[in-house]
Amino acid sequence: MSFDPVQSLSRVRHEFGEHGGVNMSIEASTTYTVMAAEIMPEIFQGHKNPEQGGCFLYGRHFNPTVYVLGRYLAAIEGTEAGYATSSGISAIACSLMQICGPGDEIVASNAIYGGTFALLKEFFPLKTGIQVKFVDISNIDEVRSAISPKTKAIFTESISNPTMVISDIPQLADCAHKVGAKLVVDNTFSPMLLSPAQHGADVVVHSLTKFIGGASDIIAGAVCASKEFITELMDLHTGAIMLLGPTMDPRVAFDLSLRLPHLGLRMKEHSRRAKYFSEKLSELGLPISYPGLSSHPQYQLLESMTNPGFGAGGLFALDLGTTDRAFEFMNDLQQNEGFGFLAVSLGYFDTLMSCSASSTSSELTDDELKEAGIAPGLVRVSLGYTGTLEDRWDQFERALKRVNMI
Ligand SMILES: *Cc1c(COP(=O)(O)O)cnc(C)c1O
């Protein structure tokens, strides 16, 4: 039977708290009383955190509200445990630093979020001694030959930013597990619709800043994994989240918790609209990349992994040929049509668009851009769900005409 993230979340939301409220409470305390002095040393020895049936100590370690949000996110991903952090990049950095030490290697997809690319390519080798090999993640042979006895993690995005490459999670998990490495998947593009842990991923990371937050108002992240891994991350002496300190505020955790029950509906609508646009663009013969189109080279692969009913996500990439034309098109849509915003990020309720090569992927050199398949005129669109779909398409079509694409 396929995994149902909506029902899984519902189950956790039916564990009623002490007052029976339908929403979680905000526990705004940074420190917690232990009921007997003897308990404190036990917590410091790593035996009694809340994940182990113990208690709360200090807000950077565990906070009840942040902890419950982590459990909700774990339910959505179908993992044993989860932890929410103050940003997506901190969730990624801490997870990988927990797994790897100096001299260890990460095999990473070359088509990933620009900030993660900079972290892996520049920061890790320079500051941590962790080495990273970049590969075309859709080429399993290339992945296999990049793996060495020093490989401790394979890192990829479920649907990659901005080229819409799909990761074959079962195969990658297999590659990782053969050498005792962990598969870490950034699932920011596809919450609800794809659950990497159900296909063998060991650690699922998120930027909650995008679809999960849904309103472009909060920077946040999460790690979903086994209890053992979350406990490691929160270890008082060696835990990367505990000691690097990307702590989420409980008020933020509460705010985000209200957006999870309708995440499924939002993802469905993002997907429905992105599919409609992509089909139209495809009929017009334009170079459109959307993994929900049967013409996408990895359509079948995505189909084989997705949870039914949520579609293929809200992002598509359209190649306008040149940077100039891409700029003209986006300016026109924003200024003249009032359609969407020329802005980075994604997963907003309105449309966001950017030219990846000269913005969010500008950390890549020209050669790296070419290798990752990011053309200079590639416009990434995160399609929102405001307005009627028909009106929005008319606006888009008019703008395409004005730049002579059709
Ligand atoms: C935005 C993003 C991140 C970084 O998340 P922040 O919340 O900005 O730290 C990581 N991965 C992907 C795929 C993203 O889109």
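K.L.:
Before we move on, can you summarise the overall build of the protein with the specific residues and values?
P.N.:
Along the protein, the regular secondary structure elements total 15 helices and twelve strands. Here the protein has a C-alpha radius of gyration of 21 Å; the compact-globule value for 406 residues is 22 Å, and the two agree. Burial analysis of the protein (406 residues in total) assigns 56% to the buried set. For the protein, the proportion of contacts with a sequence separation of at least 24, taken over those separated by at least 6, is 72%. Put simply, the protein shows about 16,700 Å² of open surface, and 52% of that area lies on carbon and sulfur atoms. A gap of 2 Å separates the mean positions of the 30 positive and 45 negative side-chain charges of the protein.

K.L.:
Kindly report on the site of the ligand, identifying the contributing residues and their values.
P.N.:
The environment of the ligand is formed by 15 residues, the closest being I89, D186, S207, T209 and K210. Between the ligand and I89, the relevant distance is 2.8 Å, taken from an oxygen atom to a main-chain nitrogen or oxygen of the residue. Within the side chain of D186, one N or O atom sits 2.6 Å away from a nitrogen atom of the ligand. Here the ligand has 380 Å² of accessible area as a free molecule, and 93% of this is covered by the chains. A total of three residues in the shell around the ligand trace back to one element, the largest contributor, which is helix 4 (residues 88-99).

K.L.:
Kindly report on the pairing of strand 6 (residues 203-207), identifying the contributing residues and their values.
P.N.:
A large share of strand 6 lies buried, amounting to five of its five residues. Judged by which residues are buried, strand 6 turns out to be covered on both faces: V203, V205 and S207 on one side and V204 and H206 on the other are all buried. Across three bridges, the pairing between strand 5 (residues 182-186) and strand 6 is parallel. In the strand pairing of strand 6, D186 is matched with V205.

K.L.:
Outline the environment of A326, supporting the account with residue identities and numerical values.
P.N.:
By secondary structure assignment, the location of A326 is in helix 13 (residues 323-337). Between the C-alpha atoms of A326 and V379, which are 53 residues apart in sequence, the distance is 6.5 Å.

K.L.:
So what's going on with the domain arrangement of the protein? Residues and values would help.
P.N.:
Domain parsing of the protein yields domain 1 (5-257) and domain 2 (263-402). If you average the C-alpha positions of domain 1 and of domain 2, the two centres end up 27 Å apart. In this assembly, domain 1 packs against domain 2 so that about 3,100 Å² is buried in total across both faces, 67% of it on carbon and sulfur atoms. For the domain 1 face of the interface with domain 2, the top three residues by lost area are M164, L193 and F211, together amounting to 24%.

K.L.:
Mind laying out the pairing of strand 9 (residues 315-319), listing which residues take part and the relevant values?
P.N.:
The element strand 9 is extensively covered by neighbouring structure, given that four of its five residues are classed as buried. Here two bridges tie strand 8 (residues 288-289) to strand 9, and the two strands are oriented antiparallel to one another. Paired with I288 across the bridge in strand 9 is L318. Pairing between strand 9 and strand 12 (residues 378-382): five bridges, direction antiparallel. Bridge pairing in strand 12 places L315 opposite S382.

How each quantity is defined
Residues numbered from 1 in each chain as written. Predicted model: local features only at pLDDT ≥ 70, side-chain atom pairs only at ≥ 80, totals over all residues. Heavy atoms only, no water. Helix = DSSP H or I, 4+ residues; strand = E, 2+ residues; numbered from the N terminus. Rg over C-alpha atoms; globule rule 2.2 N^0.38 Å. Buried < 20%, exposed > 50% of the residue type's maximum accessible area, 1.4 Å probe, protein only. Contact = heavy atoms within 4.5 Å. Areas by Shrake-Rupley, 256 points an atom, 1.4 Å probe, with all protein chains shown as cover. Lys, Arg positive; Asp, Glu negative; His and termini not counted. Charge placed at Lys NZ, Arg CZ, Asp CG, Glu CD. Near = heavy atom within 4 Å. Polar contact = N/O pair within 3.5 Å; in protein donor to acceptor, adjacent residues only side chain to side chain. Pairing = 2+ DSSP bridges. Domains from an automatic or database assignment. Buried area = accessible area lost by both parts, 1.4 Å probe.

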